[in-house]
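Reading the structure
What follows is the residue order along each chain.
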Amino acid sequence: MVGFGKKHDWCIYTAGSEESLICELCKVHPTSYEDLQAHLRGHAHLVMVERSEVAKRSVYIRGFSNVPSAKDDLYGVMSQFGGVVSVAVVSSDSAVYALVEFATVDSALSALRHSPPLSLHGHTLTIKPRILKTDKIPKRAVLQHRKKRLDVAGGAGVMESVGEEGGKKEMAKKSKTQKRKERDEMVGGIRLNEQAAAALSAAHSIELQLETLASHCRLGNTTAEDQLTLAWQLQAKFHRLLPSCVVVPFGAPFSGHGTVSSDCDLSLLSDPSPLDLSLFIGPAYLPSHLHSVWDRLQTTRPMPAVEGESQQAGEVGMKEILAVLLADPSYSAVWALPSARVPIIQFMSGQLHCDLSLNNRLGPANTRLLGAYMNFDPRMAVLVPCVRLWVRGWGLGRRLLNNYAMSLMLIHCLQHTTPPVLPCLQEPGVWPRNMAWIGSRGLSVEKSISLGGWDCSFTDPRSLLPSSNTATPARLLLHIFKYFSEEFSFSEHMVAIHTTSPL
């Protein structure tokens, strides 16, 4: 077993080189992490979580006489250990027993540990922990839980109820018109709000429609601010283990092309070098529209210990980091993937899905490079969200074509238009230089930056003149589809952005 879920609700078993997932609570085996996340959010699993909590603060009692006053008598006897929520006496042909639920787990533990044994009606009581049954949950319990969640959310949508006779569900079904309207407002699996749907319907050209879709899917400053705040909160927690550490957010939100479905990628640098701090810490690492967010949050940023002042930290690895996250109730669905190509810890912070890696410098370095490309031409702000929407709508995301691979394909294609929309920042010799910028700033090419044996230096895009290609985003979108369907040979060439020569 190499990974644990929050409160051990699920875990990862390893047999040889293969991993298998299991939800210990429900005894189900999801086939992928996506299925596991769906199961953990499902009503059946949440019912089992609630029942598990009830079982922890309940006890099983037998050995008493089934007299009319048995329930009240048990209530009086068990009240000495704490508040009693309910007493249920169950009588069958083979046995008589009771289930007593306390208000707290400590009360249940006190009843189990009590010595000498309690007696009632002249009989010695046998008190045992209540065992949670892991067989199939009755559909009625799932419907009740679903109705309760709908009530909490305001009761919008489908309302369900359970009748007293036979436990049948009654659903107020939506009209065909309402279903058709909701289906029309779904684009690529993303539901448009009323304002965006109205703007899309009113758009009189394909250009306006693309801009509407892109603006709806684009990640706002508020979400990026939340991710940056989370990185600094984690950094403050990890300072107890690693006084000099920094937590660097990276990925789509911080390269300037994040969408509403973007995850939060974080890298914990346990002992950052001066090069790390210069590359990944500060407003220069962020896209321009996030500079104001950095300035606003700067006062809340935890500062790492200065060199010479930090205590010597012991060897800290994934297990110690995992323990910190598991101990904090504000994080849920915590699990480790130590055998992945880049070992990570995945967890949920509220509704935000997070991936935390340890000493991963290439991730933030790639974010710098992609950010330079994404912010070079304003048309990228329209093309990236729309292509992602298309990928998601056709079910090609994550396993077949993740966001990083899609970004590389998009950049590669726009480097091969006539004239090119994007330069090759790692091979900039053929692109006209912005001499005014070079004259005021000095050198335009970074000094050699080596991270893990990889050359991560590239030309500052501000030292290059804008593209002379004047095609609209719609024309470029058509070119992207045509390029990869008719011109590019996946069997003979590779998608590469560090050179314009075919590979």
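Note that residues are indexed from 1 along each chain, following the sequence as it is written. Only residues with pLDDT of at least 70 are given local features in this predicted model, and only at 80 or more are side-chain atom pairs given and counted; all residues enter the totals for whole chains, interfaces and linings. Water and hydrogen atoms were dropped before computing side-chain values, which therefore reflect all heavy atoms in the structure.

Labels follow the DSSP assignment, with helices taken as runs of H or I lasting at least four residues and strands as runs of E lasting at least two, numbered in each case from the N terminus. Here Ser-457 lies in the loop between β20 (454–455) and α17 (473–487). For Ser-457, the side chain forms a polar contact with the side chain of Asp-455, separated by 2.7 Å. Polar contact is defined as a pair of N or O atoms within 3.5 Å, subject to the rule that within protein one atom must be able to donate a hydrogen and the other to accept it, and that residues adjacent in sequence are counted only when both atoms are side-chain atoms.

A separate point is the sheet that holds strand β5 (residues 84–91). Note on pairing: two strands pair once DSSP finds at least 2 bridges between them. Across the sheet, 4 strands lie side by side as β5-β6-β4-β9; this open sheet has antiparallel pairing. Looking along the sheet, the strands with just one partner apiece sit at the ends: β5 and β9 (126–129). Neighbour-to-neighbour, the strand axes of this sheet turn through a mean angle of 25°, independent of strand direction. Direction of pairing for β5 relative to strand β6 (residues 96–102): antiparallel, over a ladder of 7 bridges. Axis geometry follows a simple rule: fit a line to the C-alpha atoms, using only the stretch in contact for helices, then measure angles between N-to-C directions, giving values from 0 to 180 degrees.

Right, let's talk about the environment of Glu-207 for a bit. With respect to the secondary-structure elements, Glu-207 resides in helix α8 (residues 206–217). When the C-alpha positions of Glu-207 and Arg-475 are compared, they lie 9.3 Å apart, and in sequence the two are 268 residues distant. Reaching out from Glu-207, the side chain makes a polar contact with the side chain of Thr-472 at a distance of 2.7 Å.

For the peptide bond that leads from Ser-115 to Pro-116, omega is 5°, which places it in the cis range. If you trace the backbone, Pro-116 turns up in the loop between α4 (105–113) and β7 (119–120). Cis geometry marks the peptide bond from Thr-418 to Pro-419, where omega comes out at -10°. Phi angles above zero are rare outside glycine, and Ala-333 is one such case at about 50°.

Only a pair of cysteine sulfur atoms within 2.5 Å qualifies as a disulfide here. Summed over the entire model, instances satisfying the criterion amount to 0 disulfides. Between Cys-264, a cysteine without a disulfide, and Cys-354, which holds the nearest cysteine sulfur, the sulfur-to-sulfur distance is 4.4 Å.

Spanning 13 residues, helix α13 (residues 362–374) covers 18 Å between terminal C-alpha atoms, matching the ideal 18 Å at 1.5 Å per step. In terms of residue burial, α13 counts as a mostly covered element, since 11 of its 13 residues are buried. Taken residue by residue, α13 has Gly-363, Pro-364, Ala-365, Thr-367, Arg-368, Leu-369, Leu-370, Gly-371, Ala-372, Tyr-373 and Met-374 as its buried positions. Contacts are assigned to residue pairs that have any heavy atoms within 4.5 Å of one another. Residues of α13 that are buried in the fold lie against β14 (246–250), β15 (264–269), α10 (274–280), α14 (380–393), α15 (403–414) and β19 (450–451). Take the residue count of a helix, subtract one, and multiply by 1.5 Å to get its expected span. When a residue's accessible area, from a 1.4 Å probe over protein chains only, is under 20% of the maximum for its type it is buried; when over 50% it is exposed; and in between it is partly exposed.

Running from amino to carboxyl end, α8 crosses α14 at an angle of 80°, the nearest separation of the two axes being 8 Å. When the axes of α8 and α14 are compared, the pair comes out roughly perpendicular. Along its contact with α8, which presents Leu-210, Glu-211, Leu-213, Ala-214 and Cys-217, the element α14 presents Ala-381, Val-382, Pro-385, Cys-386 and Leu-389. Angle categories are assigned with fixed cut-offs, so that under 35 degrees is roughly parallel, over 145 is roughly antiparallel, 65 to 115 is roughly perpendicular, and the rest are oblique.

Attention now goes to the packing of aromatic side chains. Centre distance within 6.5 Å is the pairing criterion for rings of Phe, Tyr and Trp, where only the six-membered ring of Trp is used; planes under 30 degrees apart are then read as stacked, over 60 as edge-to-face, and the remainder as tilted. If you walk through the whole model with that rule in mind, you get 9 aromatic pairs. The interplanar angle of 70° and the centroid separation of 5.3 Å between the aromatic rings of Tyr-331 and Phe-347 together place this pair among those described as edge-to-face. Taken together, the residues span a long stretch of sequence, with Tyr-331 in strand β16 (residues 331–337) and Phe-347 in strand β17 (residues 344–349) at a distance of 16 residues. For Tyr-331, a relative accessible area of 3% corresponds to the buried category. Classification of Phe-347 by relative accessible area gives buried; the value is 1%. Considering the side-chain rings of Phe-484 and Phe-488, the 5.7 Å spacing of their centres and the 65° angle between planes classify their relative orientation as edge-to-face. With relative accessibility at 14%, the residue Phe-484 sits in the buried group.

Next up on the list: the confidence of the model for the protein chain. The predictor reports its confidence for every residue as pLDDT, a score running from 0 up to 100. Mean pLDDT over the protein chain works out to 75, with 74% of the residues at or above the 70 mark. Looking across the protein chain, the model is least confident in strand β10 (residues 160–162), with a mean pLDDT of 33, and most confident in α17, with 93. Throughout residues 148–174 the model reports pLDDT below 50, and contacts reaching past four residues in sequence, or to other chains, amount to 36 contacts. Overall, residues 306–314 carries pLDDT values under 50, and its contacts beyond four positions in sequence, including any with other chains, amount to 7 contacts.

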